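The residues making up each chain are set out below.
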Amino acid sequence: MPKVLLLDLGRVVFGLDWKRPLKKLGLTETFAEKTLIRNIQTWPPYDRLERGASGFSDFVTEVNALVGKRFTDAEFGEAWIEVLTGYEPGVEKVLQKLKGQIPLYALTNTSLIHYEHMMRTYEPLRYFEKVFTSFEIGHRKPEKEIFLSVIEALGVAPEDIYFIDDTEINVEGAKKLGLHATHLKEGETLENVLSHAL
């Protein structure tokens, strides 16, 4: 039995739809726009944003240069938060059931703008004791530094942490450091995965 449950947020706790913000901005047709949708996680300006190495204004400037637009920070930001679609079906019921049974924490690759929107709109701290973020730690999953930072903060042995993420490479990164970790595959639910783990 693990002592701590550590969950990814995107596609584990919250739904994500990268097409929603771009559609709201009218960015859905060109090659550059489609590339942005497909490769957002590895695009250097986005990587820097999620590490907290650059600000949102810098990111918007990079997007404008890529797609040939002149979005203001405000109008782009209003659309950008639309990537979060709310809690995945049934997840709040699972989290409510687990709260008080095992300490719940979250670890997410995210930017300040998405984090603030998530906290304001969905109040995840109702369930989680803390949400660890890439932009605060300065590293992104699957880098070992982000996991080591969380392990130190939690004050428990890696083998006492059970980690669930929807990205296999992140799960493998956690396993290399001794965490028990499971890949939440497409079509699976958090409830189903946890039923085999706890």
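Residues numbered from 1 in each chain as written. Predicted model: local features only at pLDDT ≥ 70, side-chain atom pairs only at ≥ 80, totals over all residues. Heavy atoms only, no water.

## Observations regarding the nonpolar core
Phase 1: V13, F59, F128 and I164 are the most contacted members of the largest nonpolar core, which totals 49 residues.
Phase 2: Contact partners of F59, with chain neighbours within four places excluded, come to I40, W43, P45, Y46, L49, F76 and W80.
Phase 3: Counting residues in hydrophobic clusters, the runner-up holds 16 residues, among them L6, I146, I151 and A174. (Core = buried A, V, L, I, M, F, W, Y, C linked by side-chain atoms within 4.5 Å. Buried < 20%, exposed > 50% of the residue type's maximum accessible area, 1.4 Å probe, protein only. Contact = heavy atoms within 4.5 Å.)

## Thoughts on helix α9 (residues 144-154)
Phase 1: Those residues of α9 not exposed but buried are I146, F147, V150, I151 and L154. Seen end-on, α9 carries its buried residues on one side only, within an arc spanning 135°. In this structure, α9 carries K144, E152 and A153 as exposed residues pointing more than 90 degrees from its buried face.
Phase 2: Close packing links the buried residues of α9 with β1 (4-7), β4 (104-108), β5 (130-133), α8 (134-137), β6 (161-165) and α10 (168-176).
Phase 3: After α9 finishes, the residue G155 shows a positive phi value of roughly 70°. (Helix = DSSP H or I, 4+ residues; strand = E, 2+ residues; numbered from the N terminus. Arc of directions from axis to C-beta.)

## Some remarks on the sheet that holds β5
Phase 1: Reading across from one edge, β5-β4-β1-β6-β7 is the order of the five strands in this open sheet, with parallel pairing throughout. Both outer strands of the open sheet, β5 and β7 (180-183), are each paired with one neighbouring strand and no more. Taking the axes of each pair of neighbouring strands and ignoring which way they run, one obtains an average angle of 20° across the sheet.
Phase 2: Note: β6 against β7, four bridges, orientation parallel. Its bridge partner lying in β7, F163 is registered against A181.
Phase 3: Relative to the sheet, α10 contacts β6 and β7, its axis offset from that of β7 by approximately 170°. (Pairing = 2+ DSSP bridges. Axes fitted to C-alpha atoms, helices over the stretch in contact; angles between N-to-C directions.)

## Remarks on the packing of aromatic side chains
Each aromatic ring pair is described using two quantities: the centre-to-centre distance and the angle formed by the ring planes.
Phase 1: The full count for this structure, using the stated rule, is 18 aromatic pairs.
Phase 2: Relative to Y87, the ring of F14 has its centre 4.6 Å away and its plane inclined at 45°; by these criteria the two rings are tilted. In this pair, F14 sits in strand β2 (residues 14-16) while Y87 sits in strand β3 (residues 84-87), placing the two residues 73 residues apart along the sequence.
Phase 3: Between F14 and Y122, the ring centres sit 5.3 Å apart and the planes meet at 40°, which makes this aromatic pair tilted. Taken together, the residues F14 in strand β2 and Y122 in helix α7 (residues 112-122) connect sequence positions 108 residues apart. When sorted by exposure, F14 lands in the same class as Y122, which is buried.
Phase 4: Through a chain of ring-to-ring contacts, the aromatic side chains of W18, W43, Y46, F56, F59, F71, F76 and W80 assemble into a single cluster. (Phe/Tyr/Trp six-rings, centres within 6.5 Å; stacked < 30°, edge-to-face > 60°.)

## Focus on unusual backbone geometry
Phase 1: Cis geometry marks the peptide bond from K141 to P142, where omega comes out at 10°.
Phase 2: Position of P142 among the secondary structure elements: in the loop between α8 and α9.
Phase 3: Non-glycine residue R11 carries a positive phi angle of around 70°.
Phase 4: Looking at where R11 falls in the secondary structure, it is placed in the loop between β1 and β2.
Phase 5: Residue class for R11 comes out partly exposed when judged on its relative accessible area of 39%.
Phase 6: A positive phi angle, close to 45°, is found at E123, a residue other than glycine.
Phase 7: By secondary structure assignment, the location of E123 is in the loop between α7 and β5.

## Brief notes about the layout of surface pockets
Phase 1: One number sums up the size of the largest pocket: a volume of about 470 Å³.
Phase 2: Contributing to the lining of the largest pocket are 25 residues, with D8, G10, L16, Q41 and N109 lying nearest its centre.
Phase 3: The set of elements that each furnish at least two residues to the lining of the largest pocket consists of β2, α3 (44-51), α7 and α10.
Phase 4: Broken down by element, the residue count for the lining of the largest pocket peaks at three residues, all from α7.
Phase 5: Looking at the lining of the largest pocket, its residues break down into 11 nonpolar, eight polar and six charged.
Phase 6: Put simply, the second largest pocket is a space of about 250 Å³.
Phase 7: Lining the second largest pocket are 16 residues, with R11, E88, L184, E188 and T189 positioned closest to its centre.
Phase 8: At the level of elements, α6 (91-98) and α11 (190-195) are the ones that each hand at least two residues to the lining of the second largest pocket.
Phase 9: Among the residues making up the lining of the second largest pocket, the classes are represented as six nonpolar, three polar and seven charged. (1 Å grid on protein atoms, 1.4 Å probe; cavity = no way out; pocket = protein on both sides within 12 Å on 5 of 7 lines; lining within 4 Å. Points joined across faces, edges and corners; volume = space filled by probe spheres on them. Nonpolar A, V, L, I, M, F, W, Y, C, P; charged D, E, K, R; others polar.)

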